[in-house]
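Next come the chains, spelled out residue by residue.
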Amino acid sequence: MADTDGLLEARDFTGPAATAGAFHVKGAQAQDWGLQNRLSRIFRRDTGRTVMLAFDHGYFLGPMAGLERLDTGIAPLVPDADAIMMTRGALRTSIPPHTDAGIVLRASGGPSVLRDLSDEHIALDIEDAVRLNAAALAIQVFIGSENESRSVRNLAALVDAGQRHGVAVLGVTAVGKDMVRDARYFRLATRISAEMGAHVVKTYYVEEGFETVTASCPVPIIVAGGKKLPELDALTMAYRSIQEGAAGVDMGRNIFQSEHPAAMLAAVRAVVHDDAKPEEAYELFRDRAAASA
């Protein structure tokens with residue numbers, strides 16, 4: 001039996017109850033601790049925002065420019081990203097296990113760029129995602145496509161699995177070549193993903209009405225970088241996205257296809273986390289690029 005001699009009587013029961021405070025990720029206040037913890041690996045507590053580095057393109061495009069060597073071209077950038085989005089194959093083969101970045105795994109796949117990309121299926125078992133310590137799973141949602149219903153069903157099934165295991169789901173708005181890219185479409189596509197249970201939604205920025213897209217979506221929206229743009233243009237898009245309600249960016253080609261990827265990643269971080277204006281961030285990019293030359 002423990003020695004109880006000399007124990008002080010407990011007496012300090014006063015004062016307000018300590019609380020963990022409001023959770024910093026939009027729409028996740030009622031989620032379980034484990035899922036909130038995983039979301040915190042993606043979104044910084046101090047800003048509520050994220051800079052996600054996407055390099056999952058190989059799952060349907062193969063070794064595109066900038067992704068020829070993941071081990072030498074991408075791995076050195078990972079320490080400066082809040083989160084990284086890739087396939088499980090890329091994670092296991094090319095990313096050091098000591099990384100602190102939140103792991104977002106591509107969970108859908110099937111067709112290559114040679115076929116109809118909307119013909120996707122769930123391509124990752126939830127147990128393998130947990131084994132890889134994933135913070136979130138990313139899945140395409142093809143609103144308006146021939147395979148719309150299947151993609152929504154895929155999303156719902158992944159959300160069910162994610163809720164059971166405390167893993168977040170990122171719904172990715174997929175836009176076909178013939179679809180109109182405007183605020184009305186993105187309000188529809190992002191809201192459907194959130195209503196089906198996605199914890200985060202990735203979509204594209206539009207110059208007119210983007211604030212209505214972020215306002216009408218009850219979970220965080222992060223903006224896709226899309227095609228390669230001149231650095232100042234990409235930083236301007238990131239700045240406008242954040243100022244109009246986005247909770248971060250998920251950039252790939254605008255970082256790894258830059259002549260100076262590390263400098264560009266630093267500039268994007270300044271825009272997202274420090275509210276640096278595009279011109280200020282571009283000067284940072286140029287300074288970092290010159291220093292590395």
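In case you missed it, the structure is sitting above this.
Everything numeric here is computed off the predicted structure, so don't read it as measured data.

Teacher, can you tell me more about the environment of Tyr 205 here?
Residue placement: Tyr 205 occurs in the loop between β8 (200-203) and α8 (210-216). In this structure, the C-alpha to C-alpha distance between Tyr 205 and Val 223, residues 18 residues apart in sequence, is 6.2 Å. In this view, Tyr 205 contacts Phe 210, Val 223, Met 237, Arg 240, Ser 241 and Glu 244; residues no more than four positions away in its chain are not counted. Within polar-contact distance, the side chain of Tyr 205 engages the side chain of Glu 244 at 3.1 Å.

Would you mind showing me how to read the nonpolar core here?
Taken as a class, soluble globular proteins show a tendency for nonpolar side chains to be buried jointly. Formed by 73 residues in total, the largest nonpolar core has its most connected members in Phe 55, Ile 84, Met 86, Leu 105 and Leu 137. When residues in this core are grouped by element, the largest group, seven residues, is from helix α11 (residues 261-274). In contact with Phe 55, not counting residues within four places along its chain, are Leu 67, Leu 70, Ile 74, Ile 84, Met 85, Met 86, Ala 90, Ile 95 and Phe 256. Counting 21 residues, the second-largest nonpolar core is a separate cluster that includes Phe 43, Ala 54, Ala 83 and Ala 247.

Help me understand α11, please; the structure alone is not making it clear to me.
The α-helix advances 3.6 residues per turn, and as a result positions three or four apart in sequence lie on the same side. Relative to the 20 Å expected for 14 residues at 1.5 Å per residue, α11 spans 19 Å between its end C-alpha atoms, a close match to the ideal helical length. With ten of 14 residues buried, α11 lies mostly within the body of the structure. Restricting attention to buried positions, one finds in α11 the residues Ala 263, Met 264, Leu 265, Ala 266, Ala 267, Val 268, Ala 270, Val 271, Val 272 and His 273. On the buried face of α11, the contacting elements are β1 (50-54), α9 (231-243), β10 (248-251), α10 (253-256) and α12 (278-292). With its phi angle positive at about 55°, Asp 275 sits one or two positions after the end of α11.

In this structure, what is going on with the packing of α9 against α12? I would like to understand it.
Running from N to C, α9 and α12 point in directions that differ by 135°, and their axes come no closer than 9 Å. Looking at the two axes, α9 sits oblique to α12. Crossing of α9 over α12 shows right-handed handedness. Where α9 abuts α12, its residues Glu 231, Leu 232, Leu 235, Thr 236 and Tyr 239 lie against Pro 278, Glu 279, Ala 281, Tyr 282 and Phe 285.

In this structure, what is going on with the pairing of strand β9 (residues 221-224)? I would like to understand it.
Residues in a regular strand point their side chains to alternate faces of the sheet. Alignment of β8 against β9, held across three bridges, turns out to be parallel. When the bridges of β9 are listed, Val 201 appears paired with Ile 221. A crossover connection joins β8 to the parallel β9 through α8; in handedness this β-α-β unit is right-handed. Here β9 runs beside β10; their pairing, made up of two bridges, is parallel. Across the sheet, the residue bridging to Val 223 is Val 249, located in β10. With α9 bridging β9 and its parallel neighbour β10, the resulting β-α-β unit is right-handed.

How should empty space enclosed by the protein be read in this particular structure?
Over the atoms a probe the size of a water molecule is rolled, and this reveals where empty space is left. For the coordinates displayed, the defined rule picks out one cavity of 30 Å³ or more. What lines the largest cavity is simply Ile 42, Phe 43, Met 52, Val 104, Ala 136, Leu 170, Val 200 and Ile 222. Class assignment of the residues belonging to the lining of the largest cavity gives a composition of eight nonpolar, no polar and no charged.

Would you explain the layout of surface pockets in this entry?
Its volume calculated, the largest pocket comes out at about 1,200 Å³. Sorting the residues of the lining of the largest pocket by element identifies α2 (58-61), β7 (168-173), α9 and β10 as the ones contributing at least two each. For the lining of the largest pocket, the leading source of residues is α9, giving four residues. When its residues are assigned to classes, the lining of the largest pocket shows 17 nonpolar, ten polar and 14 charged.

Help me out: how do you make sense of the pairing of β1 in this one?
Burial within β1 is extensive, with five of its five residues counted as buried. The two faces of β1 match: Thr 50, Met 52 and Ala 54 on one face and Val 51 and Leu 53 on the other face are all buried. Relative to β10, β1 runs parallel, the two being bridged by four bridges. In the strand pairing of β10, Leu 53 is matched with Met 251. Across three bridges, the pairing between β1 and strand β2 (residues 83-86) is parallel.

Looking at this model, I keep getting lost on a nonpolar patch on the surface. Mind explaining?
Together, Leu 61, Val 113, Leu 114 and Leu 117 line one region of the surface with nonpolar side chains, adding up to about 360 Å² of accessible area. As for its placement among the helices and strands, Leu 117 is situated in the loop between β4 (108-109) and β5 (121-122). Using a relative accessible area of 31% as the deciding quantity, one classes Leu 117 as partly exposed.

Please explain the packing of α9 against α11 as it appears in this structure.
When two helices pack together, their arrangement is given by the angle between the helix axes and by the axis-to-axis distance. Interhelical geometry of α9 versus α11 gives an angle of 25° and a closest axis separation of 9 Å. As far as their axial angle goes, α11 and α9 are roughly parallel. Relative to α11, the crossing made by α9 is right-handed. Counting all contacts with α9, which are made through Glu 231, Ala 234, Leu 235, Ala 238, Tyr 239 and Ile 242, the residues of α11 involved are Met 264, Ala 267, Val 268, Val 271 and Val 272. Taken together, the residues of the contact of α9 with α11 break down into ten nonpolar, no polar and one charged.

Parameters at a glance
Residues numbered from 1 in each chain as written. Predicted model: local features only at pLDDT ≥ 70, side-chain atom pairs only at ≥ 80, totals over all residues. Heavy atoms only, no water. Helix = DSSP H or I, 4+ residues; strand = E, 2+ residues; numbered from the N terminus. Contact = heavy atoms within 4.5 Å. Polar contact = N/O pair within 3.5 Å; in protein donor to acceptor, adjacent residues only side chain to side chain. Core = buried A, V, L, I, M, F, W, Y, C linked by side-chain atoms within 4.5 Å. Buried < 20%, exposed > 50% of the residue type's maximum accessible area, 1.4 Å probe, protein only. Expected span 1.5 Å × (residues − 1). Axes fitted to C-alpha atoms, helices over the stretch in contact; angles between N-to-C directions. Parallel < 35°, antiparallel > 145°, perpendicular 65-115°, else oblique. Left-handed = near helix turned anticlockwise from the far one by under 90°. Pairing = 2+ DSSP bridges. Right-handed = clockwise from strand over helix to strand, strands pointing away. 1 Å grid on protein atoms, 1.4 Å probe; cavity = no way out; pocket = protein on both sides within 12 Å on 5 of 7 lines; lining within 4 Å. Points joined across faces, edges and corners; volume = space filled by probe spheres on them. Nonpolar A, V, L, I, M, F, W, Y, C, P; charged D, E, K, R; others polar. Patch = residues over 30% accessible without salt bridge, like charges linked within 9 Å, V, L, I, M, F, W, Y side chains within 5 Å. Areas by Shrake-Rupley, 256 points an atom, 1.4 Å probe, with all protein chains shown as cover. Salt bridge = Lys/Arg side-chain N within 4 Å of Asp/Glu carboxyl O.

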